[in-house]
Amino acid sequence: MTEESTVSSRTSAVEGKISSVSARPPVNRAGREDVTMSSRNSSSLDPSRRNLNGLTPSGVLRRRERKWIEMVKSWDKTMKHNPEKVKKRCRKGIPQSIRPKAWMLLSGAEHMKKKNPNGFEELARGEVDEKVMDQIRKDLHRTLPKFELFKSPQGQGQADLLKILRCYAVHNPTIGYTQAMSDIAGTLLTVMPAEDAFWVFVSIIDNYLPNYFADGMLPLLNDANIFDAMLLETLPDVGSHLRSLGIPSLTFLPPWFLCIFTRTLEWSCVLRVLDIFFFEGVKVLFRVAASILQLTLGSPSQREKYPCVSDVNDLLVRELPDE
């Protein structure tokens, strides 16, 4: 089996596991309660389940689109009285045509944009420390380099990316800019226009991952400790293997969480993770991380294959190819 096919298998399996998690509706968008994995097997991605009532896959997609369109029309009512419906539909995957609007609504960015109708352009006129701007410019060409959108220094993709990151530095000068932020902003730009992407980006950094990017990154350090404890409880063999090698989750978790797996999983899976993340919050990142470890180190033969610190680090930290 080639490395590419192995990655595809791993990605498909991760998609299955994140679709099958069982959780309560989040207390808030960054809720960390109930981060353990469900042991149920997923069927939502089984191709045989995509032809319900004799529909072709394209027919299923059109039906999902219609359901999402109707749900968006009565969004506030649905979220208030039937959030479980929204959660289930997010887990099935948001149709591509609906995803920009859905992410805006799920993240609260739609409300922020309406509350600040000229905010994006006003922030674009603000002053930014030149050291911050230098770091942003250095990272533009490193962001999602395999995407045509970001390849040209003179292209619209890099221009929009620069504007979003610059505007955020004006919006929150305490945080300003750190490297992983460009991957999140770039991912959003592949889905939606720059202004919408900016407001979703603000919601992610300020609400979903508060202070993850601040000096010291204390919330991230705390979450890494929580993940270590969760791993010993839910995947004790994997947790014990990592502990015996002296590999804390801080070795591999920060690039996964800070980039929301944009450098780790294939693109279709990244989008599916975000579909669920915007409804259920950061606990989704815990589950995806645990799923990756289960798929790569879950069996005795896999752990025997990676007996050394360097082997495990290479396995978990390396960047996977885009689709």
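Data block above holds the structure.
Let me sum up the structure you'll find in this document. Along each chain, numbering runs from 1 in the same order as the chain's sequence is written. With the structure being a predicted model, the display of local features is reserved for residues of pLDDT at least 70 and the display and counting of side-chain atom pairs for 80 or more, all residues being used for whole-chain, interface and lining totals. For the side-chain quantities, the full set of heavy atoms in the structure was used; hydrogens and water were omitted.

Focus on a nonpolar patch on the surface
1) Next: On the surface, a nonpolar cluster with roughly 260 Å² of combined accessible area is contributed by Leu218, Leu221 and Leu250.
2) Next: Relative to the helices and strands, Leu250 resides in the loop between α13 (236-244) and α14 (253-258).
3) Next: Accessibility here uses a 1.4 Å probe with only protein chains present; expressed as a share of the type maximum, an area under 20% marks a residue as buried, one over 50% as exposed, and anything in between as partly exposed. Classification of Leu250 as partly exposed rests on a relative accessible area of 39%. Exposure above 30% relative accessible area and the lack of any salt bridge qualify a residue for a patch; like charges then connect within 9 Å, and the nonpolar side chains Val, Leu, Ile, Met, Phe, Trp and Tyr within 5 Å. Note on areas: Shrake-Rupley with a 1.4 Å probe; residue coverage comes only from the protein chains shown. We define a salt bridge as a side-chain nitrogen of Lys or Arg found within 4 Å of a carboxyl oxygen belonging to Asp or Glu. Strands are runs of DSSP state E lasting at least two residues, helices are runs of H or I lasting at least four, and both sets are numbered from the N terminus onward.

Regarding unusual backbone geometry
Note on backbone geometry: most residues besides glycine have negative phi, and most peptide bonds are trans.
1) Next: For Asn211, which is not glycine, the phi dihedral falls at a positive 65°.
2) Next: With a phi close to 65°, Phe261 is a non-glycine residue in the positive phi region.
3) Next: Residue position: Phe261 is located in the loop between α14 and α15 (267-280).
4) Next: Phe261 sits in the buried class, given a relative accessible area of 0%.

A closer look at helix α10 (residues 181-189)
1) Next: Among the nine residues in α10, nine count as buried, and that is most of the element.
2) Next: Those residues of α10 not exposed but buried are Met181, Ser182, Asp183, Ile184, Ala185, Gly186, Thr187, Leu188 and Leu189.
3) Next: For this analysis, residues touch if any pair of their heavy atoms sits within 4.5 Å. Contacts made by the buried residues of α10 are with α5 (99-107), α8 (130-140), α9 (156-171), α11 (194-208), α14 and α15.

Brief notes about α8
1) Next: Within α8, the full set of buried residues consists of Met133, Ile136, Asp139 and Leu140. Summarising the axial view, the buried residues of α8 lie within an arc of 130°, below the 170-degree limit, and thus occupy one face.
2) Next: Against the buried residues of α8 lie α9 and α10.
3) Next: Two N or O atoms form a polar contact when they lie within 3.5 Å of each other; inside protein one atom must be a possible hydrogen donor and the other a possible acceptor, and for residues adjacent in sequence the pair counts only when both atoms belong to side chains. For α8, the capping residue at the N-terminal end is Asp129, with a side-chain oxygen 2.7 Å from the backbone nitrogen of Lys131. Read the arc as the range of directions from the helix axis to the C-beta atoms.

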